[in-house]
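# Notes for the structure review
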Amino acid sequence: MAGRSRGSDQGEDAAIGVSERSLFAPLPAPLPPPSPLVPAPGKAPVQADVAASIPVAETDRVVRVRRRIGRISLRRLRHSVATAAGLELDRGIAFLLVPVCLAVGAIGYFSLAAEPDFAKPVAVVALAALCAGVSRSWPKTHLCFMAALLCALGLLAAKVETWRAGTQMLGSEISTQVTGRVVSLDRMETGRVRLTIDVTSTARPKLRYAPERVRLSARKIPADTTAGSLITGYAKLLPPTGPVRPDSYDFSFDSYFAGIGGSGFFLGNPKLVVTDDGDMPLSARLSSRVENAREAIADHIRASVGGAEGEIAAALIVGVRAGIPDEINEAMRRTGIYHIISISGLHMALVAGTIMGLLRGAFALFPDFSARRPVKKYAAAAALLSIAAYLIISGVVVAAERSFIMLAVMLIAVLFDRAALTMRNLAISAIAVIVVSPHEVVGPSFQMSFAATAALVGAYAGWSDHRAGKTRPPPPKRSLPGFLTRKFLLAAGGLAMTSIIAGSATALFAIWHFQRVSPLSLFANLAIMPIVSVVMLLAVISALTMPFGADGPFLYLMGEGLTAMVTISAWISERSPVDGVGLISQQSVLLVAIALVIATMATTRLRLAALPFALAGLLTVSDARTPDVLISEDARLVALPIGGGELAVSRARPNEFTVDNWKRALTSETIVVPEVFDKGDGQFEIADAPELPPGSPFYCTSGVCLARHTSGAIIAYVEDRKDTWKACGFAELIVVNDATAYDACHNPLVLVITKRQLARKGSAAIFFDRQSATTPATVSFAVDRPYRPWHVQRKFSREARGLPPFKGPEKPVVKPQPPQ
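Now for a description of the structure that goes with this document. Only a predicted model underlies this, so the values are computations on that prediction, with no experimental measurement involved.

### Details of the sheet that holds strand β16 (residues 751-754)
Strand order in the open sheet formed by six strands is β11-β12-β13-β14-β15-β16, and the pairing between neighbours is mixed. In this open sheet, the two strands that pair with only one neighbour each are β11 (675-676) and β16. Sheet topology note: the strand β15 (residues 733-736)/β16 ladder contains four bridges and is parallel. Paired with L733 across the strands is L751, a residue of β16.

### What to know about the pattern of salt bridges
Following the criterion strictly, the structure yields 15 salt bridges and no others. Two residues, R294 and E291, come together in a salt bridge whose shortest N-O distance is 3.0 Å. Of this pair, R294 and E291 both sit in helix α9 (residues 282-305), three residues apart, which is roughly one turn of that helix. Across this residue pair, the class does not change: R294 and E291 are buried. Linking K377 and D417 is a salt bridge whose minimum nitrogen-to-oxygen distance equals 3.2 Å. One end of the pair, K377, is in helix α14 (residues 375-393); the other, D417, is in the loop between α15 (398-415) and α16 (423-436), and 40 residues separate them in sequence. Connected through shared salt-bridge partners, E115, K159 and R788 make up one network.

### With respect to a negative patch on the surface
The grouping of E189, D326, E327, E656 and D660 at the surface amounts to a negative patch. Within the fold, E656 resides in helix α23 (residues 656-665). A residue is classified by how much of its surface remains accessible, and E656, at 62% relative accessible area, is exposed.

### Considering the state of the cysteines
Summed over the entire model, instances satisfying the criterion amount to two disulfides. Disulfide pairing places C700 opposite C705 at an S-S distance of 2.0 Å. Classification of the bridge connecting C700 and C705 rests on its S-S torsion, roughly 110°, and on that basis the disulfide is right-handed. Across the pair, exposure class does not vary: C700 and C705 are buried alike. Across the disulfide, C728 is cross-linked to C745 (sulfur-sulfur distance 2.0 Å). Residues C728 and C745 are joined by a disulfide whose S-S torsion is about -80°; by sign, that bridge is left-handed. A residue pair is termed long-range when its members are at least 10 positions apart, and C728 in the loop between β14 (714-718) and β15 and C745 in the loop between β15 and β16 qualify at 17 residues. Here C728 falls in the buried class, since its relative accessible area comes to 17%. With a relative accessible area of 15%, C745 lands in the buried category. For the unlinked cysteine C151, the closest cysteine sulfur is that of C101, found at 4.5 Å. Residue class for C151 comes out partly exposed when judged on its relative accessible area of 23%.

### Overview of the pairing of β15
Side chains L733 and V735 of β15 all project onto a buried face; the interleaved residues I734 and V736 project onto the opposite face, where all are buried too. Inspection of the sheet shows β14 paired to β15 by four bridges, in the parallel sense. By the bridge assignment for β15, Y717 is matched with V735.

What counts, and at which threshold
- Note that residues are indexed from 1 along each chain, following the sequence as it is written.
- With the structure being a predicted model, the display of local features is reserved for residues of pLDDT at least 70 and the display and counting of side-chain atom pairs for 80 or more, all residues being used for whole-chain, interface and lining totals.
- Hydrogens and water molecules were not included; the side-chain quantities draw on all heavy atoms of the structure.
- The pairing criterion is simple: DSSP has to find at least two bridges between the two strands.
- Helix and strand assignments follow DSSP, with helices taken as H or I runs no shorter than four residues and strands as E runs no shorter than two, numbered in order from the N terminus.
- In what follows, salt bridge is the name for a side-chain nitrogen of Lys or Arg lying within 4 Å of a carboxyl oxygen of Asp or Glu.
- Exposure categories follow from relative accessible area, calculated using a 1.4 Å probe and restricted to protein chains: below 20% of the type maximum is buried, above 50% is exposed, and the middle band is partly exposed.
- Residues qualify for a patch when their relative accessible area is over 30% and they have no salt bridge, like charges being joined within 9 Å and the nonpolar side chains of Val, Leu, Ile, Met, Phe, Trp and Tyr within 5 Å.
- With residues, only the protein chains shown are counted as cover, and all accessible areas are computed by Shrake-Rupley using a 1.4 Å probe.
- In this charge count, Lys and Arg are treated as positive and Asp and Glu as negative; neither His nor the chain ends contribute.
- To locate a charge, take NZ of a lysine, CZ of an arginine, CG of an aspartate or CD of a glutamate.
- Any pair of cysteine sulfurs within 2.5 Å is marked as a disulfide.

What follows is the structure in structure tokens.
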């Protein structure tokens with residue numbers, strides 16, 4: 001048998017209580033020969049005085065026997081491992097490792113320092129395939145070359161996707177007249193409207209390398225603007241931003257594979273351009289109709305439910321979540337239930353389960369028909385169609401697309417009388433996602449969703465095997481209250497274990513990507529998930545009754561359930577401790593990922609090999625070095641921790657998103673804005689900088705802002721390059737917000753970071769040597785050179801070329817003429 005049905009409760013084996021793994025039970029290993037030092041059964045052990053009387057000549061013999069026993073034990077261990085490995089291969093673990101190898105190859109491609117040409121990945125694939133074909137006579141070598149071939153194929157798939165995307169990225173900030181066709185529009189909580197536009201032309205000035213698609217916001221748009229409308233307006237375009245700090249989420253990477261070449265905002269209200277819809281290609285017309293249907297459904301839900309609950313209901317049904325208030329989003333993040341808002345596996349599973357349950361209940365009303373027909377397959381087919389429609393109406397976002405593939409594989413397995421929830425089906429889903437979108441492998445959504453699903457499937461399979469090996473007496477008869485109590489406790493326990501298993505499997509991934517963890521997520525999920533299940537049932541019923549105008553009562557009940565969910569989430573969020581946990585090491589995440597793969601895919605005692613990896617991962621969590629200073633890529637913001645949970649920043653109104661990310665990374669709770677002093681007022685002068693105590697925030701005067709790190713290092717922030725020299729005598733770090741600046745200090749102990757460097761290399765992290773005052777600070781930038789395709793645009797900005805900001809042509813001064 002090539003595969004295995006982990007956790008399956010279907011088929012003949014399950015019907016008679018036989019575990020599939022028993023078919024591959026290994027033969028007992030032969031016992032080692034008896035040792036002369038081990039007494040035979042029934043004989044008394046050798047006493048200590050007898051052992052002491054052994055002559056010295058016998059000592060060497062004892063040592064040789066002990067070594068022989070050690071060799072025998074090692075031989076038995078090798079035999080046991082080889083037997084277990086053979087059993088794993090018989091159960092189909094090789095196929096389960098296919099997506100793992102593909103993912104390793106994709107991660108390897110995106111981790112390369114330079115972009116390879118097509119010839120290199122193709123050559124690697126050809127060489128690995130040749131070696132795999134030649135080594136078929138040697139099974140172990142053949143498996144190694146097959147793994148290498150799969151890794152090379154993953155690398156090649158990532159290269160092909162990068163070439164296929166080929167997004168034209170905006171290189172520099174510019175204002176121009178944009179004309180384009182609306183792809184989608186989102187109404188935000190602030191009242192602004194965010195539009196995704198396919199650019200058809202630009203003017204004043206005309207861009208030679210205009211992006212094909214941009215995302216712009218506007219204060220107001222014409223009332224009859226819909227997806228497919230042609231609009232025009234003067235807009236300020238900005239290039240995609242990079243990571244807010246080294247090793248954090250790269251927005252330009254996401255924009256490149258999403259096809260977004262720039263973002264920005266309209267400087268005025270855009271206007272509609274009258275055009276003929278027949279000029280649109282067929283694919284654009286179809287997508288516009290779907291998008292308009294989504295907006296119409298969302299508007300209907302908002303009008304029926306109202307308030308923040310209406311926005312959440314629209315997010316759950318059609319995936320439109322831009323209008324959810326920020327405080328509700330933050331409360332859900334702090335309580336660990338934000339996954340409810342994003343349409344993913346949970347929503348797809350609830351929709352499919354609801355459809356299958358309703359149809360099977362309806363078929364049960366006709367027992368004769370149900371006895372003659374495969375009604376379970378009918379229900380599975382209907383569920384497959386329903387989640388396909390749900391995927392389309394929710395906007396075909398990446399998380400929903402991945403969840404649809406996973407559930408589609410499982411429902412198709414039901415149609416062919418195969419076990420639905422197995423690791424094999426999960427592997428097929430992962431292979432499909434990696435082949436279609438390899439870049440998703442390095443994102444948090446892919447990693448956390450597959451980690452949670454694999455852990456749940458593996459735990460369910462292990463529990464099923466444990467129960468299958470035991471004989472259980474028939475359950476005793478219980479009263480109705482006892483029966484209901486038992487069912488409630490079982491459901492609560494199952495929900496708690498699901499939350500614990502999924503949360504444990506995804507904890508380090510969440511900390512690595514977001515530097516936050518939800519301490520009360522278990523209690524929040526226990527309290528809210530039953531409500532969500534009822535809400536999604538009402539959502540499905542309301543969607544089915546909406547075409548007939550009978551969805552009002554169901555939407556009303558859905559709104560009441562969402563009100564309860566929001567209230568509970570806010571209550572738990574107020575009592576949740578600070579969720580920022582700081583940075584963790586990359587090797588700890590890698591080790592835990594290896595442990596998770598072994599623990600979920602192995603079925604024999606080889607799964608014990610996951611323990612050392614998991615332990616090593618937990619022990620290396622704190623190996624990451626926390627930056628002493630962080631600098632934004634536009635050189636406008638500098639921040640450093642000053643102790644007591646405070647983060648000193650160089651601007652009075654810093655970027656909120658950047659500061660929130662830095663606070664979590666540096667485990668700070670509050671920010672301290674700079675204090676500005678007038679020149680010559682006697683309160684603070686530049687010469688007073690060496691007297692600042694460690695942990696001082698920024699003090700600004702005479703064009704220079706000065707702060708002192710807890711290590712004693714002085715940091716200077718300068719807006720004009722002409723003021724750089726003022727801090728050269730005492731500062732260890734000088735940040736100059738001027739693209740034309742240079743190192744005016746000429747001192748190897750003073751690190752000068754200019755706006756031009758940041759424009760070319762991205763945000764920076766600074767590390768001070770706390771052991772030696774004569775060692776200069778070190779810097780780590782977010783973007784490496786040579787540039788990858790999603791970073792090439794950085795070298796074209798004015799700042800990267802060392803040019804000052806563009807001020808436009810000066811208007812001529814018209815002197816008034818004297819009256820004649």
